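Tertiary structure, described
Take a look at the letters that make up each chain.
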Amino acid sequence: MFWGSRKTIDMNYFPDEVLEHVFDFITSHKDRNSVSLVCKSWYKIEKYSRQRVFLGNCYSISPERLIARFPGLKSLTLKGKPHFADFNLVPDDWGGFLYPWIKAMAKSRIGLEELRLKRMVVSDESLELLSESFPNFKSLVLVSCEGFTTDGLAAIAANCRFLRELDLQENEVEDHRGHWLSCFPESCTSLVSLNFACLKGEINLASLERLVARSPNLKSLRLNRAVPFDTLQRLLIRAPQLVDLGTGSYVHDPSSEAYNKLKAAIQNCNSIRSLSGFLEVAPCCMSAIYPICENLTFLNLSYAAGLQSNELTKLIHHCRKLQRLWILDCIGDKGLGVVASTCKELQELRVFPSDPFDAGNAAVTEEGLVLISAGCPKLNSLLYFCQQMTNAALITVAKNCTNFIRFRLCILDPIKPDPVTNQPLDEGFGAIVRSCKGLKRLSLSGLLTDQVFYYIGMYAKKLEMLSIAFAGNSDKGMLYVLNGCKKLRKLEIRDCPFGDTALLEDMGKYETMRSLWMSTCEVTLGACKVLAKKMPSLNVEIINGSEQTEFNLDDRQKVDKMYLYRTLVGHRKDAPEFVWLL
Amino acid sequence: MEVGLKMGFEETELRLGLPGGGDGGEVVRKRGFSETVDLKLKLSSKQGSSGIDPNEEKMTGLTKEKNLLLSATDPAKPPAKAQVVGWPPVRSFRKNILATATQKSSSDESGGEKAAFVKVSMDGAPYLRKVDLRMYTSYHQLSDALAKMFSSFTIGNCGSQGVKDFMNESKLMDLLNSSDYVPTYEDKDGDWMLVGDVPWEMFVESCKRLRIMKGTEAIGLAPKAVEKCKKRG
């Protein structure tokens, strides 16, 4: 009677299941967050249908509140320590513990299926509890985590009956050389992805072979250094369907039978698109992989310290379809030239220093980068450790590649000027931000003044993450960034002359950001206290470099390290003694 | 000016940290690099904030800073840079892997803890030779070198092809039954072994001397190898 006269149809007339079905198509976290704000009914439907949650800072909310908010949670991503913890700037025991999350989810009978962690402290106890509490658990991805041993892995292997993915990337794992691999029961045939490249200890090779043999869906396999050449060859015979391979030890006598067998086995692996490993490598054996090179889209040789530039370039010649390349700087500028002329589809390049302890000696310079920019116009993501950089080179790069989303430049001498003109690199980076309108992440190095921050504030409108070290002259620099970069989410600063004025100018800004890190800057304890008092929605943490039990009351002192982040739950309860929560 | 003030203040500045010298010392060390950075900032801020013009003062300033860096530590090594915590920004995991790799390769280059010279004798040759096993990275390279060394003495099938054939297990039986030559070695325990059974590194560690003997004489050494061949069929 009524609805016949309506001109439009009210979405709320549809039953909940229909709306839920519609919401299924909305996968991005941002969009789902927006959906939940429309009205109460949408909030409710979205809340119960939300399965995937991403928490960029595990302290922004408590496990209990998260579970109450999203009781249908199936997939959780958590990040713990601040990014600079990767570079030893955050003491051990700072925080980021997984256990409370597992405990809370187990207690509430959450049907957890996937857990992705970055920079978290993961204990064996938490892995054991995880393996026992979630019968449908399928996927565990740990990146840059620590605190566990192979015993924890054994529990996962033994108890997670439907495990599909166990992906360990660059974790510090205490290796008890136990038989964790043997703990996968014979009935486990569901593995799709197995990556244990970061483990340092011996592996039961026979168990590994049997496991691979009974995993017909295995697509990704990354081995550790303890897996020898012969085993690799046998594994490839059992798993020719692999899409992603990480070799273990790749050292053998090229005139031997085993080597010939490997060559034959590799030829059969037509699906491999991604190749990594080579933690130990004999250059003379690389020709065995040439046949699969032409289909590779991702090649990671950044651990292959045994390969010299000529071997690398010989290999690259075969990789015409490469989209992502991670390599060591021993490839040299000329080698990068070969990459530029061969890999026309290249989107992401990471060049790591082969000798990260000797700051004087990177083998690539601005020349290599210019060649790459000229040859690879699709390049959108860069991490480049180099000996030096010039403004002219950066301006050229900016002209050639306007699609950068991530641009991270690390000159090994962090305050090195343009060696040709002796100028700071302000103009060069200015050109990058002006030209790359979609830039989301930027890391600076080299001699830099406030001017570069003026450019960043002016042009980097989409910038979300900025890393600054040894740069700038005054508070103006930091203020340019805070005022200009409207989309800024993460700002991390070390060893810059930014102080209280910059910190306190616009305190509300930090509520629009995930976090701010400042270490060895000019910020005083007093200013931090002011900020903490005025902004209850922020946690302001002071990390002391040294053990101290006494709270020193002098507000004029400069703080060594400050980390602040927005949060819904106030002070965390698990902070160690050396972290002061203001 | 504030920066200038800071420079003098540094020594007496109150810091977060335990009172006492040791800790203060540590903090100073940590700030070692940034102190020099501060110096640089002081110099460049003198130019004013309107932009940097290359001029005499600045050039001198940079040289001054370089000198400071160099005088601070041994000029032969890269200075305080290497001691800056967290720079270059490389994950410790990666640093550790590359450190092990560099150690390994530099020890290879320098010949390891010591060069591994061993005597090489060949049946029928009038004199012995010596080779440094650490000059090679595989059996293949060693066999090439031995072949070259003894090429003037060989009759028939020894030389590189013969030794290569030896590496090929399926030809092993033919070789052992012929009068061709077979490389053997004496290991740490004093036993005579067939070359090629163990990984290269293990061989280098345990080999005390090499003997290239006639195939027929080597049968006695090869029960293990013979069994292996039988297994493979």
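Residues numbered from 1 in each chain as written. Chains lettered and ligands numbered in written order. Predicted model: local features only at pLDDT ≥ 70, side-chain atom pairs only at ≥ 80, totals over all residues. Heavy atoms only, no water.

In the nomenclature of an unreviewed UniProt entry, chain B is known as Auxin-responsive protein of Hibiscus sabdariffa. Database annotation for chain B, UniProt heading Sequence similarities (unreviewed entry): "Belongs to the Aux/IAA family." Reading the Subunit (unreviewed entry) entry of the UniProt record for chain B gives the comment "Homodimers and heterodimers." (UniProt positions renumbered as here; feature names shortened; annotations may be inferred.)

If you check an unreviewed UniProt entry, chain A appears there as F-box domain-containing protein from Hibiscus sabdariffa.

1. What about the overall build of chain A?
A count of helical and extended segments in chain A gives 20 helices and 25 strands. What you see for chain A is a C-alpha radius of gyration of 26 Å, in line with the 25 Å of a compact globule of 582 residues. The principal-axis extent of the C-alpha atoms belonging to chain A is close to 75 × 70 × 65 Å. Counting across all 582 residues of chain A, residues that qualify as buried make up 60%. For chain A, contacts bridging at least 24 residues in sequence account for 71% of all contacts bridging at least 6. Split by element, the accessible area of chain A, about 23300 Å² in all, is 52% carbon and sulfur. Here chain A carries 70 positive and 65 negative side-chain charges, and the mean point of each set is 8 Å from the other. (Helix = DSSP H or I, 4+ residues; strand = E, 2+ residues; numbered from the N terminus. Rg over C-alpha atoms; globule rule 2.2 N^0.38 Å. Buried < 20%, exposed > 50% of the residue type's maximum accessible area, 1.4 Å probe, protein only. Contact = heavy atoms within 4.5 Å. Areas by Shrake-Rupley, 256 points an atom, 1.4 Å probe, with all protein chains shown as cover. Lys, Arg positive; Asp, Glu negative; His and termini not counted. Charge placed at Lys NZ, Arg CZ, Asp CG, Glu CD.)

2. Observations regarding the pairing of strand S16 (residues 348-352) of chain A
Residues and elements named next belong to chain A. With 5 of 5 residues buried, S16 is to be regarded as a mostly interior element. Here S16 shows no split at all, with Glu348, Arg350 and Phe352 on one side and Leu349 and Val351 on the other all buried. Sheet analysis places strand S15 (residues 324-328) next to S16, joined by 5 bridges and oriented parallel. Considered in S16, the bridge of Trp326 is made with Arg350. Handedness of the crossover joining S15 and S16 through helix H13 (residues 332-342) is recorded here as right-handed. (Pairing = 2+ DSSP bridges. Right-handed = clockwise from strand over helix to strand, strands pointing away.)

3. A short note on the sheet that holds strand S4 (residues 192-194) of chain B
All names here are of chain B. Ordered by their spatial adjacency, 5 strands build an open sheet running S2-S1-S5-S3-S4, and the pairing between neighbours is mixed. Each having just a single partner strand, strand S2 (129-132) and S4 make up the two edges of the open sheet. The mean angle between the axes of side-by-side strands here comes to 30 degrees, regardless of whether they run parallel or antiparallel. As paired elements, strand S1 (residues 117-122) and strand S5 (residues 207-214) share 4 bridges and run parallel to each other. Residue pairing across strands places Val120 opposite Leu210, the latter belonging to S5. In the packing of helix H5 (residues 139-150) onto the sheet, contacts are made with S1, S2 and S5, and the angle to S2 comes to roughly 155 degrees. (Axes fitted to C-alpha atoms, helices over the stretch in contact; angles between N-to-C directions.)

4. Things to note about a negative patch on the surface
Where like charges cluster on the molecular surface, the negative patch consists of Glu125, Glu128, Glu132, Asp151 and Glu174 of chain A. Looking at which element gives the most residues to the negative patch, the answer is helix H6 (residues 124-133) of chain A, with 3 residues. (Patch = residues over 30% accessible without salt bridge, like charges linked within 9 Å, V, L, I, M, F, W, Y side chains within 5 Å. Salt bridge = Lys/Arg side-chain N within 4 Å of Asp/Glu carboxyl O.)

5. Points about the UniProt feature "domain: F-box" (unreviewed entry) in chain A
When the UniProt feature table is mapped to this numbering, "domain: F-box" (unreviewed entry) covers residues 14-55 of chain A. Across residues 14-55 of chain A, the secondary structure splits into 62% helix and 10% strand, with the terminal C-alpha atoms separated by 32 Å.

6. Focus on the environment of Leu425 of chain A
For Leu425 of chain A, the location among the structural elements is in the loop between strand S18 (406-411) and helix H16 (426-435). What Leu425 of chain A contacts, discounting residues up to four positions off in sequence, is Met389, Thr390, Asn391, Ile411, Lys416, Asp418, Ser445, Gly446, Leu447 and Leu448 of chain A.

7. So, helix H5 (residues 99-107) of chain A
All names here are of chain A. Among all positions in H5, only Trp101, Ile102, Ala104 and Met105 are buried. Down the axis of H5, the sector holding all buried residues measures 165 degrees, keeping them to one side. Contacts from the buried residues of H5 go to strand S1 (52-55), helix H4 (63-69), strand S2 (75-79), strand S3 (114-118) and H6. Once H5 finishes, Arg109 follows within two positions and takes phi at roughly 55 degrees, a positive value. (Arc of directions from axis to C-beta.)

8. Description of the nonpolar core
Tyr250, Phe407, Ile456, Leu503 and Leu516 of chain A are the most contacted members of the largest nonpolar core, which totals 204 residues. Contacts of Tyr250 of chain A, omitting those with residues within four sequence positions, involve Phe229, Leu232, Leu262, Phe278, Glu280, Val281, Ala282, Cys285, Met286, Ala288 and Ile289 of chain A. (Core = buried A, V, L, I, M, F, W, Y, C linked by side-chain atoms within 4.5 Å.)

9. With respect to the pairing of S2 of chain B
The two faces of a sheet get side chains in turn, since along a regular strand they alternate between them. Relative to S2 of chain B, S1 of chain B runs antiparallel, the two being bridged by 4 bridges. Bridge assignment links Val118 of chain B to a residue of S2 of chain B, and that residue is Val131 of chain B.

10. Remarks on the environment of Ser75 of chain A
Along the chain, the position of Ser75 of chain A falls in strand S2. Spatially, the C-alpha atom of Ser75 of chain A lies 8.9 Å from that of Ser139 of chain A, the residues being 64 residues apart in sequence.

11. Quick word on the pattern of salt bridges
Residues and elements named next belong to chain A. Following the criterion strictly, the structure yields 28 salt bridges over all chains and no others. Here Glu146 makes a salt bridge to Lys81, at a shortest N to O gap of 2.5 Å. Taken together, the residues span a long stretch of sequence, with Glu146 in strand S5 (residues 146-149) and Lys81 in the loop between S2 and H5 at a distance of 65 residues. Taking relative accessible area as the criterion, Glu146 reaches 23% and is therefore assigned partly exposed. A salt bridge links Arg572 to Glu541; its shortest N-O distance comes to 2.7 Å. Placement of the pair is Arg572 in the loop between strand S24 (561-566) and strand S25 (579-581) and Glu541 in strand S23 (residues 538-543), with a sequence separation of 31 residues. The buried category is assigned to Arg572, whose relative accessible area is 7%.

12. A closer look at the packing of aromatic side chains
When we look at a pair of aromatic rings, we describe it by the centre distance and by the angle of the planes. Tallying each qualifying case throughout the model produces 26 aromatic pairs over all chains. For the pair Tyr303 of chain A and Phe93 of chain B, a centre-to-centre distance of 6.2 Å together with 85 degrees between the ring planes defines the contact as edge-to-face. With Tyr303 of chain A in the loop between strand S14 (298-300) and helix H12 (309-316) and Phe93 of chain B in helix H4 (residues 92-109), this pair bridges two chains. We note that Tyr303 of chain A, like Phe93 of chain B, is buried. Each residue in the set Tyr59, Phe84, Phe87, Trp94, Trp517, Tyr563 and Tyr565 of chain A is aromatic and connected to the rest through ring pairs, giving one cluster. Taking NZ or CZ as reference, Arg324 of chain A lies 4.0 Å from the ring centre of Phe298 of chain A, over its face. Over the face of the ring belonging to Tyr303 of chain A we find Arg94 of chain B, whose NZ or CZ atom lies 4.4 Å from the ring centre. (Phe/Tyr/Trp six-rings, centres within 6.5 Å; stacked < 30°, edge-to-face > 60°. Lys NZ or Arg CZ within 6 Å of the ring centre and 35° of its normal.)

13. What to know about a nonpolar patch on the surface
Together, Phe14, Val18 and Val22 of chain A make up an exposed nonpolar region whose accessible area comes to about 210 Å². Mapped onto the elements, Val22 of chain A comes out in helix H1 (residues 16-24).

14. Some details on the packing of helix H15 (residues 391-400) of chain A against H16 of chain A
Residues and elements named next belong to chain A. It is the contact of H15 with H16, at a shortest axis distance of 7 Å, that shows an interaxial angle of 5 degrees. Between H15 and H16, the angle falls in the class roughly parallel. Residues Asn391, Leu394, Ile395, Val397 and Ala398 of H15 lie in contact with H16, whose contacting residues are Asp426, Glu427, Gly428, Phe429, Ala431, Ile432 and Ser435. Along the lines of polarity and charge, the residues of the contact of H15 with H16 split into 7 nonpolar, 3 polar and 2 charged. (Parallel < 35°, antiparallel > 145°, perpendicular 65-115°, else oblique. Nonpolar A, V, L, I, M, F, W, Y, C, P; charged D, E, K, R; others polar.)

15. Description of unusual backbone geometry
The omega torsion across Trp87 of chain B and Pro88 of chain B is -5 degrees, close enough to zero to call that bond cis. Following the sequence through the fold, Pro88 of chain B ends up in the loop between helix H3 (56-72) and H4. Residues other than glycine seldom take positive phi values, yet Glu170 of chain A does so here, at roughly 55 degrees. Tracing the chain through its elements places Glu170 of chain A in the loop between strand S6 (165-169) and strand S7 (172-174). At Phe278 of chain A, a residue that is not glycine, the phi angle is positive and equals roughly 55 degrees. Take Phe278 of chain A: it is sitting in the loop between strand S12 (274-276) and strand S13 (280-281).

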